[in-house]
Amino acid sequence: MSAVTGPAQRRRPRSALPWLATPALVLFVGFAVVPLIGVFALSFTTWDGIGTIRATGLTSWRKVLTDPGLPHALWVTFLVMAVSWAVQTPLSILLGTFLAGRQRYRAVLGVVYFIPLMLSSAAIALAYKALLDPNFGLGAGLDIQTLSRDWLGEPGLAFAVVVFVVSWQFIPFHSLIYQGGVQQIPKSLYEAAQLDGAGRVRQFFSITLPQLKYTVITSSTLMVVGSLTFFDLIFILTEGGPGDATRVLALDMYKRGFQASLMGPASVIAVILVLVGLGLALLLRRLGGRDAGASQLEGA
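Since this is a predicted model, take the numbers as computed values, not measurements. (Residues numbered from 1 in each chain as written. Predicted model: local features only at pLDDT ≥ 70, side-chain atom pairs only at ≥ 80, totals over all residues. Heavy atoms only, no water.)

Now for the overall build of the chain. Summing up its helical and strand segments, the chain has 15 helices and two strands in all. Here the C-alpha atoms of the chain give a radius of gyration of 24 Å, more than 25% beyond the 19 Å that 2.2 N^0.38 yields for 300 residues. If you line up the chain on its principal axes, its C-alpha atoms span 70 × 65 × 30 Å. Long-range contacts, defined as pairs at least 24 residues apart, comprise 66% of the intrachain contacts of the chain with a sequence gap of at least 6. For the chain, the exposed surface amounts to about 17900 Å²; the carbon and sulfur share of it is 69%. (Helix = DSSP H or I, 4+ residues; strand = E, 2+ residues; numbered from the N terminus. Rg over C-alpha atoms; globule rule 2.2 N^0.38 Å. Contact = heavy atoms within 4.5 Å. Areas by Shrake-Rupley, 256 points an atom, 1.4 Å probe, with all protein chains shown as cover.)

Let's shift gears to the pattern of salt bridges. Where charged atoms from two side chains of opposite charge come close, those side chains can pair. Inspection of every chain in the model, using the stated rule, returns five salt bridges. Where Arg-247 meets Asp-252, a salt bridge forms, and the shortest distance between an N and an O atom there is 2.7 Å. Assessed through its relative accessible area of 21%, Arg-247 is described here as partly exposed. Assessed through its relative accessible area of 1%, Asp-252 is described here as buried. A salt bridge links Asp-252 to Arg-256; its shortest N-O distance comes to 3.2 Å. In this pair, Asp-252 and Arg-256 both sit in helix 13 (residues 249-259), four residues apart, roughly one turn of the helix. For the pair formed by Asp-252 and Arg-256, the shared burial category is buried. One continuous salt-bridge network, built from bridges that share partners, spans Asp-67, Asp-244, Arg-247, Asp-252 and Arg-256. (Salt bridge = Lys/Arg side-chain N within 4 Å of Asp/Glu carboxyl O. Buried < 20%, exposed > 50% of the residue type's maximum accessible area, 1.4 Å probe, protein only.)

Limitation: the analysis is restricted to geometry and does not speak to function.
Shown next as structure tokens:
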């Protein structure tokens, strides 16, 4: 009897798997695919957000693609992406490696350091905007001339402030990713390196960094794709200024759609953001070679 019922029992979980995935698939289609199709359709229309939607073909696309402000917004977006990645990645790796230790104080530091990620980006932006105010901020209160500069009124300083605040908020998240990656590295590799006389610095560059290859790819993908959606923080800090120094694509989309009531061009920029994010994610995945699952099997 067991020989007859055994195969049937083994087939039941397999047949149930598609049904278990159905709720997630429905949510994904309803909240991701359908809105994306709607935005793509709106990019071929003219609409002020209230009146009648009129199909106008490629008018909105031509208007956006011939706008001289688009290349600048793209450049600022990629610049914020590149600089924030260059700041966050090394610091996140170092902090993640440090927090992967077994000392109790490191666990406490990990919890405390994770607090910025739990704060709202809008609240963080408001706090930093108040602190950096040249007349009533931290510099004026402490009478420190260096901190009393117009941080958000000069293009270079405003860009640096944006990158700093973004890094301050999201480094804890990526440190947590690297902390988990370091903890998955077999201890036998470090023990063998110690027997060969390798110090901590040599172990870090010869063992830790190579073993974190796929973790770096995962973290970088989240950083790059996430940087395309920076809006609330930049909007509250600088509103894209001074001038257009910090006007990224997401902010440009908001200003076209909700301030100028040009939903067609705003939808075009939204589609461009999706395509850029998809292309960068595929590029990073290709640079990573095999998927992350293979690395986990190797390290097991």
